[in-house]
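# Chains, contacts and geometry: an overview
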Amino acid sequence: MPMQFIRAWDDYMPLFSPETTKVTVEGLENIADSFLDYLGKIYDLRKGKEFDKEKGNCAWFTMEFFQWCENNRIPMRIVYLPETEKAKDAHIAPSIGEYLIDFSHKQFSKDPKEQYKIAKISSYKKYGYDPDKAEILEEFPEWAKEYPLDKK
């Protein structure tokens, strides 16, 4: 078998690690917009509609973004914010660098026009989460319950 078609494992690995990747908010906005452009071809993104946790919840968006980033060789991590006395539901969101890209943030902002929010983990304290108890996950957790958007 000719060796020219065999690729080394390193050829499939991302060029940067998420913890050392220096990113800008503008760069993350471009990534988020590209992801939503891709999703919008398949799903109703519910633009201008109230948040519905059974149509595009945080786990579903995180899983879709995780897969999209893997396909596009974009390094990212998953941040899990466990429930607290003030925040009765746990929250999960993708992270690149020191920022979260939260595609289900309108559940907190109550702004139906919002498509995503780019913020630091520390900003979730105002929603009742304890940023010090946030967990960084390398893989999407099997236990996360996903509720997909409606297909077009």
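Refer to the structure printed above.
Since the model is a prediction, treat every value here as computed from it, not as a measurement.

Rules used throughout
Residues numbered from 1 in each chain as written. Predicted model: local features only at pLDDT ≥ 70, side-chain atom pairs only at ≥ 80, totals over all residues. Heavy atoms only, no water. Helix = DSSP H or I, 4+ residues; strand = E, 2+ residues; numbered from the N terminus. Buried < 20%, exposed > 50% of the residue type's maximum accessible area, 1.4 Å probe, protein only. Contact = heavy atoms within 4.5 Å. Areas by Shrake-Rupley, 256 points an atom, 1.4 Å probe, with all protein chains shown as cover. Core = buried A, V, L, I, M, F, W, Y, C linked by side-chain atoms within 4.5 Å. Expected span 1.5 Å × (residues − 1). Pairing = 2+ DSSP bridges.

Looking only at helices and strands, one finds three helices and five strands in the protein. N-terminal to C-terminal, the α/β element order of the protein is α-α-β-β-β-α-β-β. Buried positions account for 42% of the 152 residues belonging to the protein. Residue pairs in contact within the protein that sit at least 24 positions apart in sequence constitute 67% of those at least 6 positions apart. Approximately 9700 Å² of the protein is accessible, and the part contributed by carbon and sulfur atoms is 50%.

On to unusual backbone geometry. Of note, R46 is a non-glycine position whose phi angle comes to about 60°, a positive value. Here R46 lies in the loop between α1 (25–40) and α2 (58–71). Classification of R46 by relative accessible area gives buried; the value is 14%. Positive phi values are uncommon outside glycine, yet K110 reaches one of about 65°. Among the structural elements, K110 can be located in the loop between α3 (106–109) and β4 (117–120).

With that settled, the discussion passes to the nonpolar core. Within the largest apolar cluster, 31 residues are counted, with the highest numbers of intra-cluster contacts made by F35, F61, F65, I101, F103 and F140. Elements with a minimum of two residues in this core: α1, α2, β1 (77–81), β2 (91–96) and β3 (99–102). Ranked by residue count, the leading element in this core is α2, at nine residues. In this structure, L81, A87, F108 and Y129 belong to the second largest nonpolar core, which totals 10 residues.

Moving on to α2. Between its first and last C-alpha, α2 extends 20 Å over 14 residues, near the 20 Å set by a 1.5 Å rise per residue. Counted residue by residue, α2 has 11 buried out of 14 residues, so it is predominantly covered. Looking at α2, one finds that the buried residues are C58, A59, W60, F61, T62, M63, E64, F65, F66, W68 and C69. Where α2 is buried, its residues meet α1, β1, β2, β3 and α3. Just downstream of α2 lies R73, where phi reads positive at about 55°.

With that settled, consider the pairing of β1. Burial analysis of β1 places five of its five residues in the buried class, which makes it a mostly covered element. In terms of strand pairing, β1 meets β2 through five bridges, oriented antiparallel. Of the residues in β2, the one forming a bridge with V79 is A93. Bridge analysis of β1 against strand β5 (residues 135–137) gives three bridges, and the strand direction is antiparallel. Across the sheet, I78 pairs through a bridge with L137, a residue of β5.

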